[in-house]
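Given next are the chains, with one letter for each unit.
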Protein chains: 4
Amino acid sequence: MRTIRVTVWNEYIHEKDPRIAKIYPDGIHGAIASMLGREEDFEIRTATLDMPEHGLTDDVLNTTDVLIWWGHLAHAKVSDEVAEKVRQRVLAGMGLIVLHSGHLSKPFVKLMGTICRSKWRENDELERIWVIEPGHPIAEGLPEYIELPKEETYGERFDIPKPDDLVFISWFSGGEVFRSGCCYNRGNGKVFYFRPGHEEYPTFYREDITRILANAVRWACPRMITPPTFGHYEAIEHVKDKFEGRSMEERTHATLGKT
Amino acid sequence: MRTIRVTVWNEYIHEKDPRIAKIYPDGIHGAIASMLGREEDFEIRTATLDMPEHGLTDDVLNTTDVLIWWGHLAHAKVSDEVAEKVRQRVLAGMGLIVLHSGHLSKPFVKLMGTICRSKWRENDELERIWVIEPGHPIAEGLPEYIELPKEETYGERFDIPKPDDLVFISWFSGGEVFRSGCCYNRGNGKVFYFRPGHEEYPTFYREDITRILANAVRWACPRMITPPTFGHYEAIEHVKDKFEGRSMEERTHATLGKT
Amino acid sequence: MRTIRVTVWNEYIHEKDPRIAKIYPDGIHGAIASMLGREEDFEIRTATLDMPEHGLTDDVLNTTDVLIWWGHLAHAKVSDEVAEKVRQRVLAGMGLIVLHSGHLSKPFVKLMGTICRSKWRENDELERIWVIEPGHPIAEGLPEYIELPKEETYGERFDIPKPDDLVFISWFSGGEVFRSGCCYNRGNGKVFYFRPGHEEYPTFYREDITRILANAVRWACPRMITPPTFGHYEAIEHVKDKFEGRSMEERTHATLGKT
Amino acid sequence: MRTIRVTVWNEYIHEKDPRIAKIYPDGIHGAIASMLGREEDFEIRTATLDMPEHGLTDDVLNTTDVLIWWGHLAHAKVSDEVAEKVRQRVLAGMGLIVLHSGHLSKPFVKLMGTICRSKWRENDELERIWVIEPGHPIAEGLPEYIELPKEETYGERFDIPKPDDLVFISWFSGGEVFRSGCCYNRGNGKVFYFRPGHEEYPTFYREDITRILANAVRWACPRMITPPTFGHYEAIEHVKDKFEGRSMEERTHATLGKT
């Protein structure tokens, strides 16, 4: 079984407030790392805003298969350089899972190109997350919907590009809908946006939420890719003579040799 | 490692002609089964048109994870009943890989809803299959393109629904392009259309083509799904009395006034 | 201004019940025809199940730019021949707007390839239809959402192919979401599925619903198309000599002459 | 008839070379403005890099419905401020048509989020642009393909997000394919990328190319939009007390038990 190297990044600010620390004593990143750590093929590290380079040094990024991102208060404090490095790593093949208020984080906004804003409300409302594509790998093992008894509400218009796959749509008791599970291919990499995870609720301790995150990690994990080449490129040589004077066997042999 | 049960279906007519039998002495299905049989997690059977129920009995279909389909001359000879069963099995979750001229087969046309026709020409032309989405699971392990030194030419307009993922585009030396690797989600299942595979060329003995088919089998393999329920469905309990005591006129008036 | 020829088809069964006739005395088709008839560029006819060939003779279909379809009780009574003609006309370029329970009609199911079922409930619930793509032509002139004070509830999983454009998502007070405005390109034609319109509510008299239908008619209206050719097709002649001995002007002239 | 206000932007550098000036004596922008100027509903201005604010002042941008962009040598000389203003205007609803080497311009790259690079070659090759979606508004009035006798060659992998609509695919005589007509919805606006238009060929004088650009202008033209609101948003009034009197533990327990 292949080991998948996961780095969980968190700005880690809310959880220093005692009220939030009761819910997430080890931070949101700690809770996610602990829950995902039960998957035997995951190797998990964490990184936070206050570490040098926010914990996302070249060495860390270059040995990360999938990066999970939670941020809210301090998007502006993430350095442009680190945000751009994350974007470049995704385009080179790394998976990126953006949680909840991370929709306004620098790496996500840069990768989407749009403003990524939405409606919101903190009102302890019921969220029902409906599975729209039951055959999608990220929906594997889920029931038809999951219910979060209290969550922050987000509402459409969510200003994102049309997802390549729309896996979940959320219903909120206060009257909103939200595209809450959105898959994107960007460059050689994959991005999954997942809506829930307000710091005031124990969302990341749930089995169903953990299942979704584990599915998303496996979906986003880089595969064996031949990086595309860009720039100047030669035409087929001697196109016009290509088939002259060669038998089918010769041609097939030549081609098989090449690939 | 999970075993994936693959059934390779072939109409098996061309290969009874000695000219074609030289290339595919065990039939196209035999060649594909032999090449894919080297994957240790695949369990492979074959089925052909002339078998009872074309070899696709309920028992076979119900124990097939992924069905591979090659047909050309005898689309009309496939019974409507079997074609409909294949469609229903895909909608219930089975993977379906449709090869080459199978784009006009009954199961594929029924699942697409369009006429699925294209341009074509038998002219021994060079086909270059370009990888458009290098991060897609079906492109795993491939170079930037593969070359088939001689293949039948297909050309756009290919009258299909827009693919959910477009993995490959083919270039032909005679002037055509073709969307040659097309992924669809249909119901709980997945469909992959792959263009090459004319009976006069040894395409299915190639390592790169085999790699694509093996990738496609793993991509299309059904996952652990909660089958959606359809039909009558109860509301959340506390909702039912929400609007009582207001007439339809009041409600309509209020709403029209607002919008 | 170009005239758009619209045919509104209705099975016209429910409205013969006095309870429903109070709401739609001229039938649902009559209400839609009357509301859309105020658009000066629309030329509107109606057709119903009990007419010969269900009112969809070759002559009618061949002079229809956009067909609107409402059906519920009598899907099975629509002849296979007429359903197939409608499908063929869409693939040739006609627009098709399928309303509400028409998601299980023969023409829609044939064009989609899936089973097209959903959850449902008659419970007088509030429906909020949220605009997901405000820049889409079908959303033109709408507010952020519209509210239908009472409608039949439909719920996901709605078993359809992924829409080419998803314009609306509905929220229902009983806990469901629904992809309620779905665009598809099929063949040369366009299909729009729009969820509301239960026979017990005066939905089709609303200004906002009428606006959506009028927008959809204009979006689905066939354009000036060169029908693709299918079948055998010649390669570029003398590809290898194409550029020899001709000046750029000659080449450009030749090409402009051709197109 | 509504007037569409089009601004054609060009870096206008190549055409100061006498060799290129022979082909485009009034600049590429001049040629495009002249050809599109024959459409009676278009009101056309031009703007170039060397003008103050590159000719794209707030006043110009705020009165532009569709901006056409050609650039190549001087992408880096476009100020970040102007590039960001263009992006914001697109997200607010303006149409943007990006031509040829403009795929590496700042506004396009910012809106896409990816690196947007491709293969290329200057080799006087034949380009065939195939219509993939004949029913798309941008393909209106075109034949099945158009041929440009000599163009610069671009080749896949073209590192862009999956287009919302893929209208054209190009074939090049040297062996490449290219997604050459790509539609995107971004924010409230629309973006169309169109591949041809190397400065050494008289591509922008062609009737067919002009037809495509005119179609794209009409497709991208902003419609009557209700700008979405973002930020804090009230719930439906009657909902707010729904869950009162239950502890978070009760709610969470109930939900976890269910899923």
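Our subject in this report is the structure included herewith.

Rules and cut-offs
- Residues numbered from 1 in each chain as written.
- Chains lettered and ligands numbered in written order.
- Predicted model: local features only at pLDDT ≥ 70, side-chain atom pairs only at ≥ 80, totals over all residues.
- Heavy atoms only, no water.
- Helix = DSSP H or I, 4+ residues; strand = E, 2+ residues; numbered from the N terminus.
- Expected span 1.5 Å × (residues − 1).
- Buried < 20%, exposed > 50% of the residue type's maximum accessible area, 1.4 Å probe, protein only.
- Axes fitted to C-alpha atoms, helices over the stretch in contact; angles between N-to-C directions.
- Parallel < 35°, antiparallel > 145°, perpendicular 65-115°, else oblique.
- Contact = heavy atoms within 4.5 Å.
- Phe/Tyr/Trp six-rings, centres within 6.5 Å; stacked < 30°, edge-to-face > 60°.
- Lys NZ or Arg CZ within 6 Å of the ring centre and 35° of its normal.
- Least-squares fit on C-alpha atoms with pLDDT ≥ 70 in both.

### Some details on helix H4 (residues 80-92) of chain A
In this model, H4(A) (13 residues) spans 18 Å end to end at C-alpha, consistent with the 18 Å of a helix rising 1.5 Å per residue. Restricting attention to buried positions, one finds in H4(A) the residues A:Val82, A:Ala83, A:Val86, A:Arg87, A:Val90 and A:Leu91.

### Examining the packing of helix H2 (residues 27-36) of chain D against helix H6 (residues 207-220) of chain D
Residue and element names in this part refer to chain D. Running from amino to carboxyl end, H2 crosses H6 at an angle of 80 degrees, the nearest separation of the two axes being 10 Å. Put simply, H2 runs roughly perpendicular to H6. Residues Ile32, Met35 and Leu36 of H2 lie in contact with H6, whose contacting residues are Glu207, Thr210, Leu213 and Ala214.

### Some thoughts on the packing of aromatic side chains
Taken as a whole and assessed by the stated rule, the structure comprises 50 aromatic pairs over all chains. Relative to A:Tyr193, the ring of A:Phe108 lies with its centre 5.6 Å away and its plane at 35 degrees, an arrangement referred to as tilted. Here A:Phe108, found in helix H5 (residues 106-112), pairs with A:Tyr193, found in strand E9 (residues 189-194); they are 85 residues apart in sequence, far enough to count as distant. In this structure A:Phe108 comes out as buried when scored by relative accessible area, which is 1%. Look at B:Tyr24 and B:Phe204: their rings are 6.3 Å apart centre to centre, the planes differ by 50 degrees, and that puts the pair in the tilted class. Residue B:Tyr24 is found in the loop between helix H1 (18-21) and helix H2 (27-36), and its partner B:Phe204 is found in the loop between strand E9 (189-194) and helix H6 (207-220); the two are separated by 180 residues along the sequence. The buried category is assigned to B:Tyr24, whose relative accessible area is 0%. Three or more aromatic residues joined by ring pairs form one cluster here, namely A:Phe108, A:Tyr154, A:Phe158, A:Phe178 and A:Tyr193. One Lys or Arg, C:Lys119, reaches over the ring of B:Tyr233 and ends 4.9 Å from the middle of that ring. Taking NZ or CZ as reference, C:Lys190 lies 6.0 Å from the ring centre of C:Trp219, over its face.

### Side note on the relation of the copies chain D and chain A
With an RMSD of 0.0 Å, the operation that places chain D on chain A is a rotation of 180 degrees combined with a shift of 0.0 Å along the axis. The transformation just described matches what one would write down for a two-fold rotation axis. Across chain D, the rotation axis passes nearest the C-alpha of D:Gly113, at a separation of 2.5 Å. When you check the interface residues of chain D against chain A, 81% turn up at the interface there too, and the contact is symmetric in its surfaces.

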